[in-house]
Amino acid sequence: MPIKLHSRTMPRVPVLIACWPGMGHVGIGAASYLRHKLGGTLLAEIDVTPYLLPDAITVENGIGRIPDPPRQHIYYVKEPSLLVFEGDAQVAGEGGIRSATELLDLAKQCGVGTIYTGAAFAIPMSYRHPSKVFGAATDENLKATFPRLGVEPLSEGRISGLNGLLLGLAKSRGISAACFLATMPQYAVETPNPKASKAIIRVFEQILNTSVDMTELDERIQEADQLMGEFESRVAAAIEALRREALAKSEGPGQSEGEPEERPEPYQLMEHIERLFEEAQKDRSKIQLLKDELDRWGLFHLYEDRFLDLFAKHKGR
C-alpha cells in the first residue's frame, strides 16, 4: 500500500500545507519549521518506491546498493488544525503525479478544503533587501485573500515541479489551492535562505490565525546574512579594484580623463555569474566564457573551487 498510516483515526482538518526541497530550501524550510513549532505528529507517509526507477547506485567502501527512496511524511497539527506534508525530494514524471494523487486522496479523506505550497522566487537582489511574497491561486476567491496577507499576485510565469503540479491536480479534484513564492538572491539558490522561509511562515500565520516563535529562525537568518554579506563584500572589493584601475589608466599619460565605465552592484554581477555557471553545467562549450568573465571581473579566486568542480562533474558523466 503506497500510504502507510501511523494513526488509527483520520483527523478532520481544513488546510494542507505541502512543500518539497527547491531553491534555497525556502518552502520545505518554512513547512518544517512551522510544523516543528506547532507540535505536529506523524500521521502517515507515502511510499514512492513503486514509482521510482533508479538510474544509478550508491557506492560506499566499494559496495554498491540501490539508494533509499526519498521520504514523504504527512504530519497532523491539532491546533491550529491542519496537515503538513514534507517531501525529501521532488519525484519527477509519472512518479510525481502518482505520489501527488496519493497525497490528495488522503487530503480528501481528512476533509481538506484548501491546499498551500511554498517555494522560492529567485531574482537579482541583495541579501539586504526584504523578502517579498508573490502568489498564484487556482480560483478568484482564494486570490482575493492575497491583499490582506501581504501577498502580491504573480502577474505571469510558471511554477515548476510539484509545487505547481499539486495546484493543478487539486483544482481538478475540487480543492482550492495556492502557491506562495518568496523572493531570494539569484546568486544564492544553492544555499538555504531562512529569510525567505520566514516571509512565507508569516503568511501562514495569518491564514491559520496563529503565531510561532521565530527565535531559532532569526538566528539562522543572522548566520546566512553574515555569509552572504561577506561574499558580497568580497565581490564589491573586486569591483572597486577594477574601478580604481580603470580610473588610473584614464588619468595616465596619453589617456583622456574621465570616469571609468559604470560598474554593477555586487548582487547584479553575482547573478550574472550564476547564470553563466548554469549554462556551463549544461553546455561544456560555455565553460571558457565563464572563465573569461571571472577573469575580467577579477573574481576567479572566489569561484575557483566551484569552477574546477565543473570539470569533475563532466568527467563523471
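Just so it is clear, the structure is predicted and the values come from calculations on it, not from any experiment.

## Some remarks on the sheet that holds strand β11 (residues 176–185)
If you trace the nine strands from one edge of the open sheet to the other, you get β1-β3-β6-β7-β2-β8-β11-β9-β10, paired in mixed fashion. Since the sheet does not close on itself, it has two edges, and those belong to β1 (3–5) and β10 (152–153), each with one partner. In this sheet, β11 lies alongside strand β8 (residues 114–123) in parallel orientation, the contact comprising 10 bridges. Residue pairing for β11: Y116 is matched across the bridge by A178. Of the strands in this sheet, β2 (15–19), β8, β9 (133–137) and β11 touch helix α5 (residues 161–172), which is tilted by about 150° from β8. Across the sheet, helix α6 (residues 194–208) is in contact with β2, β7 (82–87), β8, β9 and β11; its angle to β11 comes to roughly 150°.

## Overview of the state of the cysteines
This structure, assessed with the given rule, holds zero disulfides. We note that C19 lacks a disulfide partner, and the nearest cysteine sulfur, in C179, lies 8.0 Å from it. Owing to a relative accessible area of 0%, C19 belongs among the buried residues under this scheme. Take C110: it sits in no disulfide, and the sulfur closest to it among the cysteines is that of C19, at 18 Å.

## Considerations on the side chain of N193
Tracing the backbone through its elements, the reader meets N193 in the loop between β11 and α6. The contacts of N193, once residues within four sequence positions are left out, are G24, V26, M184, P185 and M228.

## Some details on unusual backbone geometry
The omega torsion across E79 and P80 is -5°, close enough to zero to call that bond cis. Residue position: P80 is located in the loop between β6 (72–77) and β7. Backbone geometry places H25, a non-glycine residue, at a positive phi of 50°. Structurally, the position occupied by H25 is in the loop between β2 and α1 (26–38). On the basis of relative accessible area, H25 is assigned to the partly exposed category, the value being 42%. Of note, N61 is a non-glycine position whose phi angle comes to about 55°, a positive value. The residue N61 is located in the loop between β4 (58–60) and β5 (63–65) in this model. Using a relative accessible area of 83% as the deciding quantity, one classes N61 as exposed.

Thresholds, definitions, all that
- Throughout, a residue's number is its position along its own chain's written sequence, starting from 1.
- For this predicted model, a pLDDT threshold of at least 70 governs which residues receive local features, and a threshold of 80 or more governs which side-chain atom pairs are given and counted, while totals over whole chains, interfaces and linings are taken from all residues.
- Calculation of side-chain values draws on the structure's entire complement of heavy atoms; hydrogens and water are dropped beforehand.
- Should DSSP find at least two bridges between two strands, the strands are regarded as paired.
- Numbering of helices and strands runs from the N terminus, with a helix taken as a DSSP run of H or I at least four residues long and a strand as a DSSP run of E at least two residues long.
- In what follows, a contact means two residues having at least one pair of non-hydrogen atoms within 4.5 Å.
- Only the stretch in contact is used when fitting a helix axis, every axis being a line fitted to C-alpha atoms; angles between N-to-C directions are given from 0 to 180 degrees.
- In plain terms, two cysteine sulfur atoms within 2.5 Å form what is called a disulfide here.
- For each residue, the accessible area found with a 1.4 Å probe, counting protein chains only, is set against the maximum for its type, and the residue is called buried under 20%, exposed over 50%, and partly exposed in between.

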